[in-house]
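# Results of the structural survey
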Amino acid sequence: MNNNRKNHKLYIGLILAGLIVLLILAGLIRSPYPPQKMEASLKLAGISAAHPMGCDQFGRDILSRVMIGARTTFLIAFVTNAIGLFFGILIGALTGYFGGFFDEILMRFNDVMLSFPSILLALVLIALMGPGTYQVMIAMGIVFIPSYARIVRSEFIRFRNMDYVLAIRLMGGSHLRIMFLHILPNVKGTILTSLIIGFNNAVLCEAAMSFLGIGVQPPDASLGLMLSEAQGFLFRAPSYALLVGFVMICMILSFSLLSDSLKEVQG
Amino acid sequence: MRYAIRKLVTMILTILMVSLLVFLAFSIIPGDPATQMLGTNATAQKLEALRAQMGLDRPLLIRYLEWVKNFISGDMGISYSYHVPVRQMLYDKLGIMLTLTGLSFLLIVLLSIPLGILTAKYYDRYFAKAFDVLNQLFMAIPPFFIGILITYLFGLLMHLFTPGGFVSYKSDPWGYFLYMLTASFSIALPKAAMSMRLLKNSVLSEAKLDYVRTAYSRGNRTNQVLYRHVLRNALIPVVTFLGMTLADIVAGSIVIEQVFSIPGFGRLLITSISNRDYPVAQAIIVIIAFLVVVINFIVDSLYPLIDPRVKKDEQ
């Protein structure tokens with residue numbers, strides 16, 4: 001019974017993720033229309049065979065824009081987590097493995113960052129760098145470092161005094177070798193689960209920032225930016241906001257279903 | 001007692017560190033506030049005079065200490081773009097943020113705890129399973145999209161409220177309350193779904209433990225075991241979660257204010273950042289951080305009340 005439900009989650013998650021990936025790949029190869037092409041006669045046109053998702057306020061094909069918007073969102077989530085994970089592992093590994101004064105200072109700093117709402121910190125960083133796609137990646141990447149550092153650190157503390165680590169020390173293995181060739185592979189599972197959650201958070205955070213107008217800037221498209229544009233035409237073209245929101249929900253749902261089933265397999 | 005003092009010191013240090021970070025961040029931002037205020041046509045002498053008047057010619061550390069000192073005494077500086085004291089601008093907006101955060105939190109608790117208990121108690125019924133699916137879905141909806149959906153369904157289709165029709169507390173308290181309540185739902189629903197699922201799982205896993213069987217064997221009925229024994233343990237992770245969520249709620253309110261056109265902290269923060277009106281932005285961020293840290297502190301101090309074992313460990 002339980003096993004059955006687990007599989008359901010995995011399958012639905014995989015299907016949704018597959019659809020999103022398909023959408024992004026199709027957009028990479030060829031979108032139905034050029035995503036920036038405006039057509040005055042098609043302003044806020046409804047759903048039709050030629051435009052399966054309708055057109056936006058400038059008469060641009062929404063499906064084509066969703067394709068590149070989903071890609072931008074996905075790319076931002078990817079780079080953000082890559083930055084967060086890289087520095088998170090570096091900091092978490094060093095502090096967790098060696099401990100001591102340095103660890104104490106860095107972890108207090110980490111606590112401060114964590115007690116701060118992440119979007120607020122991203123806002124401060126955006127104020128420093130100005131809005132834009134790359135700036136969002138960097139700002140969010142920095143914001144994501146502390147949570148990864150904390151997870152990696154606690155895992156390293158758990159492993160650093162294990163017998164196999166001591167055995168490698170006796171065999172003359174260097175600290176760096178132990179940290180990255182022996183302990184890190186054991187932490188992989190934990191990192192993977194938190195990575196999926198991180199992806200989700202990144203999608204949400206990007207959407208919120210673009211929605212506020214400090215993220216991706218027009219005429220570029222991202223799901224959050226499109227939603228914020230669509231909100232203004234909620235009465236005249238409700239399908240615009242609803243469809244873009246639906247794509248975003250599918251993206252987030254697929255990650256959370258995958259992370260759930262992954263956790264159930266692990267635990 | 002030592003536990004409380006240590007927490008208090010950590011709290012003060014955190015707030016100081018946040019304020020220093022924010023101050024430094026806004027000081028190294030390229031662009032000169034004096035040029036900002038006088039425009040690019042101003043003469044060099046005028047600029048110099050204004051910089052001296054604003055204290056921008058002094059070292060950074062001195063300026064930080066001065067700022068902290070003024071901040072504590074309630075003087076948050078003067079807005080670059082509106083030329084009025086920041087304090088005056090923020091005064092009535094703080095109430096909006098607190099209402100929004102408070103209502104959202106209340107909604108999360110009121111929705112998730114009864115429903116969590118109910119679905120855990122009847123976990124094999126169909127309605128509990130339907131709630132599982134619903135939960136999974138709601139957790140995946142970004143709060144601002146829930147806001148858009150609420151605006152569309154209840155505002156534009158059913159005409160239950162006027163989208164964008166924010167009224168201030170002074171002119172219409174009941175209208176204000178209803179509007180804020182509508183907005184709060186969009187913050188609360190995804191979080192309520194998470195907290196409900198957490199509570200349900202936590203009750204179900206507690207129910208498998210030996211002490212529950214013991215309680216039954218002593219002749220207790222299901223409800224007695226559930227409310228007296230299981231729930232007391234099962235609520236602990238939920239309280240932790242709720243405490244952690246508060247920061248998210250505060251942050252969420254920034255976005256939700258934008259969706260519902262509520263003239264609160266969030267909108268002011270965004271405009272002040274894009275206008276480079278840093279005294280305002282600084283003040284808002286520090287106040288929000290202060291709120292979050294204080295709330296965390298309160299949650300931490302309430303912890304031993306719910307779970308007496310925490311206190312023992314600390315001693």
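Residues numbered from 1 in each chain as written. Chains lettered and ligands numbered in written order. Predicted model: local features only at pLDDT ≥ 70, side-chain atom pairs only at ≥ 80, totals over all residues. Heavy atoms only, no water.

## Notes on the overall build of chain A
Under the convention used in this document: Elements are defined by DSSP. Helices are runs of H or I of four residues or more, strands are runs of E of two residues or more, and each kind is numbered from the N terminus. Only protein chains enter the accessibility calculation, which uses a 1.4 Å probe. A residue is then buried if its area is under 20% of the maximum for its type, exposed if over 50%, and partly exposed in between.
Helix and strand counts for chain A come out as nine helices and zero strands. Secondary structure of chain A in N-to-C order comes out as α-α-α-α-α-α-α-α-α. Projected onto the principal axes, the alpha-carbon positions of chain A cover approximately 75 × 50 × 30 Å. For chain A, with 267 residues in total, the buried portion stands at 52%.

## Some remarks on helix α7 (residues 143-157) of chain B
All names here are of chain B. We apply this condition: To estimate how far a helix should reach, multiply one less than its number of residues by 1.5 Å.
Over its 15 residues, α7 runs 20 Å from end to end, which matches the ideal 21 Å to within 8%, given 1.5 Å per residue. Burial in α7 covers these residues: F144, F145, I146, G147, I148, I150, T151, Y152, G155 and L156. Looking one or two residues beyond α7, the residue adopting positive phi is H159, at roughly 55°.

## A few points about the packing of helix α5 (residues 86-121) of chain B against helix α12 (residues 278-306) of chain B
Residues and elements named next belong to chain B. To be explicit about the condition: To define axes, lines are fitted to C-alpha atoms, for helices over the stretch in contact only, and angles between the resulting N-to-C directions are given on a 0 to 180 degree scale. Take the far helix as the reference: if the near one is turned anticlockwise from it by less than a right angle, the crossing is left-handed, and if turned clockwise, right-handed. Throughout, a contact is declared for two residues whenever any of their heavy atoms are within 4.5 Å. Three categories are distinguished: nonpolar for Ala, Val, Leu, Ile, Met, Phe, Trp, Tyr, Cys and Pro, charged for Asp, Glu, Lys and Arg, and polar for the others, with Gly belonging to the last.
Running from N to C, α5 and α12 point in directions that differ by 35°, and their axes come no closer than 11 Å. Considering only the axes of α5 and α12, their crossing is right-handed. In this structure, α5 contributes V86, M89, L90, L94, M97 and L98 to the contact, and α12 contributes P279, V280, A283, I284, I287, I288 and L291. Grouping the amino acids of the contact of α5 with α12 by side-chain chemistry returns 13 nonpolar, no polar and no charged.

## Thoughts on the interface of chain A and chain B
Definition in use: When two components associate, each loses some accessible surface as probed by a 1.4 Å sphere; the sum of these losses over both components is called the buried area. Definition used for salt bridges: Asp or Glu carboxyl oxygen within 4 Å of a side-chain nitrogen of Lys or Arg. N or O atoms within 3.5 Å of each other form a polar contact, as long as, within protein, one can give a hydrogen and the other can take it, and as long as residues adjacent in sequence are counted only when both atoms are side-chain atoms.
At the interface, 35 residues of chain A touch 39 residues of chain B. Approximately 3500 Å² of surface area, both sides summed, lies buried where chain A meets chain B, with 83% of it carried by carbon and sulfur atoms. Viewed at the interface, chain B and chain A are joined by one salt bridge. The shortest N-O distance in the salt bridge between D260 of chain A and R197 of chain B comes to 2.9 Å. At the junction of chain A and chain B, the tally comes to three residue pairs in polar contact (both at pLDDT 80 or more). Every element with two or more residues in the side of chain A that touches chain B is listed here: α3 (100-114), α4 (118-129), α7 (175-212), α8 (223-231) and α9 (238-266) of chain A.

## As for the environment of L209 of chain B
The residue L209 of chain B is located in the loop between α8 (173-206) and α9 (210-217) in this model. The class of L209 of chain B is partly exposed, set by a relative accessible area of 40%.

## Some remarks on the pattern of salt bridges
Oppositely charged side chains can pair when the atoms bearing their charge come close. This structure, assessed with the given rule, holds seven salt bridges over all chains. Note that D248 of chain B is salt-bridged to K191 of chain B, the shortest N-O span being 3.0 Å. One end of the pair, D248 of chain B, is in helix α10 (residues 222-259); the other, K191 of chain B, is in helix α8, and 57 residues separate them in sequence. Note on K191 of chain B: relative accessible area 15%, which makes it buried. Counted as one network, the salt bridges with shared partners bring together K9 and D260 of chain A together with R197 of chain B.

## Remarks on the side chain of T14 of chain B
Inspection of the secondary structure puts T14 of chain B in helix α1 (residues 2-27). Excluding anything up to four places from it in sequence, T14 of chain B contacts V112 and S115 of chain A together with V293 of chain B.

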